[in-house]
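Here's the letter readout for the chains.
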Amino acid sequence: QVQLVESGGGLVQAGGSLRLSCAASGRTMSSYAMGWFRQAPGKEREFVSRISWSGGSTYYADSVKGRFTISRDNAKNTVYLQMNSLKPEDTAVYYCAATISNWGADAYWGQGTQVTVSS
């Protein structure tokens, strides 16, 4: 089993920055793609960003492109999400996920960390 624990969320003013971390345990994560998703109140969970097992490929939702940066440190079994120029619409619970196949039934999920951006 894989356990994922997110940290780094909090309250920040619009235009500010936060760095989320996701620490994985249970298995070596170097074979897993890692990703970040978010869910705002009253909305469905949505994709934010993902990174390949090697870190060589990254993908972003259009809404965060140019503001967020995903990275990973396989030696530390940790994935990061640097969030800059935050907007109130970025307010959500942010979830870390890991998978070796798909982001559905085969994915592992963390419990989430709250990010609140005030205007």
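Above: the structure in question.
Only a predicted model underlies this, so the values are computations on that prediction, with no experimental measurement involved.

Participant: Sorry if this is basic, but what is going on with the sheet that holds strand 1 (residues 3-7) here?
Facilitator: Adjacent strands of a sheet pair through backbone hydrogen bonds, lying either parallel or antiparallel. Spatial ordering of the open sheet is given by 1-3-8-7, a layout of 4 strands whose pairing is antiparallel. Each having just a single partner strand, strand 1 and strand 7 (68-73) make up the two edges of the open sheet. Put simply, the sheet's adjacent strands are angled 15 degrees from each other on average, direction ignored. With 6 bridges connecting them, strand 7 and strand 8 (residues 78-83) associate as antiparallel partners. When the sheet's bridge partners are listed, Phe68 is paired in strand 8 with Met83.

Participant: Sorry, what's going on with the packing of aromatic side chains here?
Facilitator: In this description, a pair of aromatic rings is defined by centroid distance and the angle of the planes. With the rule as written, the count across this model stands at 4 aromatic pairs. Judged by centre distance (4.9 Å) and plane angle (65 degrees), the ring pair of Phe37 and Trp109 falls under edge-to-face. Of the two residues, Phe37 is situated in strand 4 (residues 33-39) and Trp109 in strand 10 (residues 108-109); the sequence distance between them amounts to 72 residues. Given a relative accessible area of 10%, Phe37 falls into the buried group. Under the relative-accessibility criterion, Trp109 is labelled partly exposed at 28%. Three or more aromatic residues joined by ring pairs form one cluster here, namely Phe37, Phe47, Trp103 and Trp109.

Participant: Before we go on, may I ask you to explain the nonpolar core in this structure?
Facilitator: What tends to happen in soluble globular proteins is that the nonpolar side chains get buried as a cluster. The biggest cluster of nonpolar side chains holds 29 residues, and the ones touching the most others in it are Leu4, Met34, Trp36, Leu81, Met83 and Tyr94. Within the residue set of this core, elements represented by two or more residues are strand 3 (18-25), strand 4, strand 5 (46-51), strand 7, strand 8, strand 9 (92-99) and strand 11 (113-118).

About the thresholds
- Residues numbered from 1 in each chain as written.
- Predicted model: local features only at pLDDT ≥ 70, side-chain atom pairs only at ≥ 80, totals over all residues.
- Heavy atoms only, no water.
- Pairing = 2+ DSSP bridges.
- Helix = DSSP H or I, 4+ residues; strand = E, 2+ residues; numbered from the N terminus.
- Axes fitted to C-alpha atoms, helices over the stretch in contact; angles between N-to-C directions.
- Phe/Tyr/Trp six-rings, centres within 6.5 Å; stacked < 30°, edge-to-face > 60°.
- Buried < 20%, exposed > 50% of the residue type's maximum accessible area, 1.4 Å probe, protein only.
- Core = buried A, V, L, I, M, F, W, Y, C linked by side-chain atoms within 4.5 Å.

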